[in-house]
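# A structural walkthrough
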Amino acid sequence: MSCMSRQKIILGITGGIAAYKTPELIRRLKDRGADVQVVLTRSAREFVTETTLQAVSGLPVRTNLWDKEAEAAMGHIELARWADLVLIAPATAEIMARLASGAAPDLLTTLCLATGAPIAIAPAMNHVMWSNPAVQENRQKLADRGFRILGPADGDQACGESGPGRMLEPDDIVKAVTAPIAVAEVGPAPLAGKNVMITAGPTIEPIDPVRFISNRSSGKMGYALAASARDAGASVILISGPANIPLPDGVDSISVESAREMFAAVHANIDDVDIFVGAAAVGDYHAADVKPEKIKKSHENLSITLVKNPDILSSVARLKDGPFTVGFAAETENLHEHAFGKLENKNLDMIVANLVGKGRGFDKDDNAVEVFWHEGERAFPLMNKKTLAGELVTLIAERYQVSLQTDTKTELPSIAVRD
Ligand code: C5P
């Protein structure tokens with residue numbers, strides 16, 4: 001193991017058939033360097049035995065709030081404080097209802113109320129139950145309170161039917177809740193000696209001295225990518241629009257406001273860049289005429305003429321002998337089609353696509369994405385953006401190495417540098 005401290009996870013198992021997968025889940029969490037304390041509900045004991053779980057986790061299983069011996073060893077409040085994460089898998093409709101209502105009749109629900117750690121649940125139930133409005137209301141309540149909802153997956157169910165309600169596979173749950181394995185544990189740093197440039201955050205386009213046009217991007221994904229690229233051994237330059245989050249340590253950064261400033265900062269520093277990742281939500285337009293004084297509300301209607309901004313990513317992708325380019329595509333529909341269109345039209349090497357809107361994507365801590373490149377694609381289920389960034393950097397490093405051997409990019413005419 002690395003010198004990183006071990007992640008402490010309370011794994012709550014509730015009474016669904018998918019509980020049979022939990023010994024495997026525990027094994028994989030432990031492989032990723034986690035300590036796992038199992039807490040079983042009464043009905044979970046119908047599906048999986050304490051003996052098995054104790055053997056795999058290496059810790060006595062907790063089942064009862066009133067167990068004097070276990071409480072003497074570590075009281076439930078102490079246990080709630082011990083955890084870095086509470087993971088409930090499988091999570092039944094029943095536990096979701098209890099958590100949503102704040103009821104705490106047993107050890108697991110009590111721990112959930114008493115902990116300050118994040119709570120993630122992997123729901124598993126019959127698809128009709130999952131789509132029941134009561135369950136969906138509880139899901140929404142929990143999501144609004146910051147619970148991470150992992151899955152469920154769509155597919156064949158133990159009841160013989162098919163639909164959304166399967167528990168995510170142990171591997172996908174593990175990827176979603178654990179930090180990426182430290183680079184030192186998997187061999188030499190995959191991006192050692194490489195220069196990586198990342199754009200992040202929103203841009204803002206002034207209209208007058210006090211007003212601007214912007215978007216909801218938080219910068220979280222781009223900043224997490226910068227930190228992961230740094231951890232993978234790269235020298236990182238982060239070019240960021242206004243974001244209210246701390247800059248990662250150990251990366252060079254340039255702060256900009258408008259898309260045209262971002263464009264200029266990118267091109268002023270692009271020469272030795274090996275990999276360019278466009279994670280910024282760049283404004284598509286700027287005001288043709290920025291008023292020198294505050295615009296007065298003297299007219300019923302007001303029109304602002306907008307002029308298209310330069311496409312930064314596309315301009316980098318068209319540079320002769322330019323870097324390996326990775327774009328992002330935030331879409332509200334037809335993800336695959338739009339992402340592929342951008343991969344081709346912008347002459348990119350890779351594109352990371354995600355659905356946004358209805359509480360997804362922007363300004364959230366979690367994201368689920370699909371990545372496309374010319375010869376393949378890979379899907380990443382909903383997970384924390386920091387974990388996702390680690391996975392994406394690993395994939396980018398892999399594809400970058402392949403691109404060095406086979407240059408698949410066609411050369412397109414470069415875009416004139418405006419302003
Ligand atoms: O075309 P669309 O805006 O959806 O493309 C998104 C991708 O292009 C992102 O990677 C974003 O950072 C980049 N982009 C850019 N400059 C623009 C518009 C988008 O670099 N003016």
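Computed from a prediction, not measured in an experiment: that's the story for all the values here.

Bringing the domain arrangement of the protein into the picture now. Under the domain assignment, the protein is made up of domain 1 (8–185) and domain 2 (189–405). For domain 1 and domain 2, the distance between their C-alpha centroids amounts to 35 Å. Together, the buried faces of domain 1 and domain 2 total about 830 Å²; carbon and sulfur atoms form 62% of this surface. Our count for the contact surface shared by domain 1 and domain 2 stands at two salt bridges. The closest approach of N and O atoms between D366 and R148, which form a salt bridge, is 3.0 Å. Counting across the interface, domain 1 meets domain 2 through one residue pair in polar contact (both at pLDDT 80 or more). Each residue belonging to the side of domain 1 that touches domain 2 can be placed in one class, and the counts come to five nonpolar, one polar and four charged.

Bringing a nonpolar patch on the surface into the picture now. Together, I213, Y285, L302, I304 and L306 line one region of the surface with nonpolar side chains, adding up to about 430 Å² of accessible area. Looking at the element boundaries, L302 is found in the loop between β14 (285–287) and β15 (306–308). With a relative accessible area of 56%, L302 lands in the exposed category.

Let us look at the side chain of S228. Mapped onto the secondary structure, S228 falls in helix α11 (residues 220–231). On the accessibility criterion, S228 (11% relative accessible area) is buried. Once residues within four sequence positions are removed from consideration, S228 is found in contact with K386, A389, G390 and V393.

In this section: the site of the ligand. Around the ligand lies a shell formed by G278, A280, V282, D284, P310, D311, I312, L313, G327, F328, K342 and K346. One of the backbone nitrogen or oxygen atoms of G278 is found 2.5 Å away from an oxygen atom of the ligand. Between a nitrogen atom of the ligand and a main-chain N or O atom of P310, the distance comes to 2.9 Å. In the complex, 85% of the free accessible area of the ligand, which totals 450 Å², lies under the protein chains.

The terminal C-alpha atoms of helix α8 (residues 133–144) lie 16 Å apart, and with 12 residues this matches the ideal 16 Å at 1.5 Å per residue to within 8%. Those residues of α8 not exposed but buried are V135, N138 and L142. Viewed along the axis of α8, the buried residues span an arc of 60°, placing them on a single side of the element. In α8, the exposed positions that point more than 90 degrees away from the buried face belong to P133, E137 and D144. Summarising the contacts, the buried residues of α8 are in contact with α5 (93–101), β4 (119–123), α7 (127–131) and β5 (148–149). Downstream of α8 by one or two residues, G146 has phi in the positive range, about 100°.

On to unusual backbone geometry, then. Here the bond from A89 into P90 is cis, since omega is -5°, no more than 30 degrees from zero. Turning to its location among the elements, P90 is positioned in strand β3 (residues 85–91). Backbone torsion omega between G151 and P152 reads 5°, so that peptide bond is classified as cis. Turning to its location among the elements, P152 is positioned in the loop between β5 and β6 (153–156). The phi dihedral of D321 is positive, around 55°, even though this residue is not glycine. Mapped onto the elements, D321 comes out in the loop between α13 (312–317) and β16 (324–331). Assessed through its relative accessible area of 74%, D321 is described here as exposed. Phi is positive for N334, close to 40°, though the residue is something other than glycine. Relative to the assigned elements, N334 resides in the loop between β16 and α14 (335–345).

Here is what the cut-offs are and how they apply
Residues numbered from 1 in each chain as written. Predicted model: local features only at pLDDT ≥ 70, side-chain atom pairs only at ≥ 80, totals over all residues. Heavy atoms only, no water. Domains from an automatic or database assignment. Buried area = accessible area lost by both parts, 1.4 Å probe. Salt bridge = Lys/Arg side-chain N within 4 Å of Asp/Glu carboxyl O. Polar contact = N/O pair within 3.5 Å; in protein donor to acceptor, adjacent residues only side chain to side chain. Nonpolar A, V, L, I, M, F, W, Y, C, P; charged D, E, K, R; others polar. Patch = residues over 30% accessible without salt bridge, like charges linked within 9 Å, V, L, I, M, F, W, Y side chains within 5 Å. Areas by Shrake-Rupley, 256 points an atom, 1.4 Å probe, with all protein chains shown as cover. Helix = DSSP H or I, 4+ residues; strand = E, 2+ residues; numbered from the N terminus. Buried < 20%, exposed > 50% of the residue type's maximum accessible area, 1.4 Å probe, protein only. Contact = heavy atoms within 4.5 Å. Near = heavy atom within 4 Å. Expected span 1.5 Å × (residues − 1). Arc of directions from axis to C-beta.

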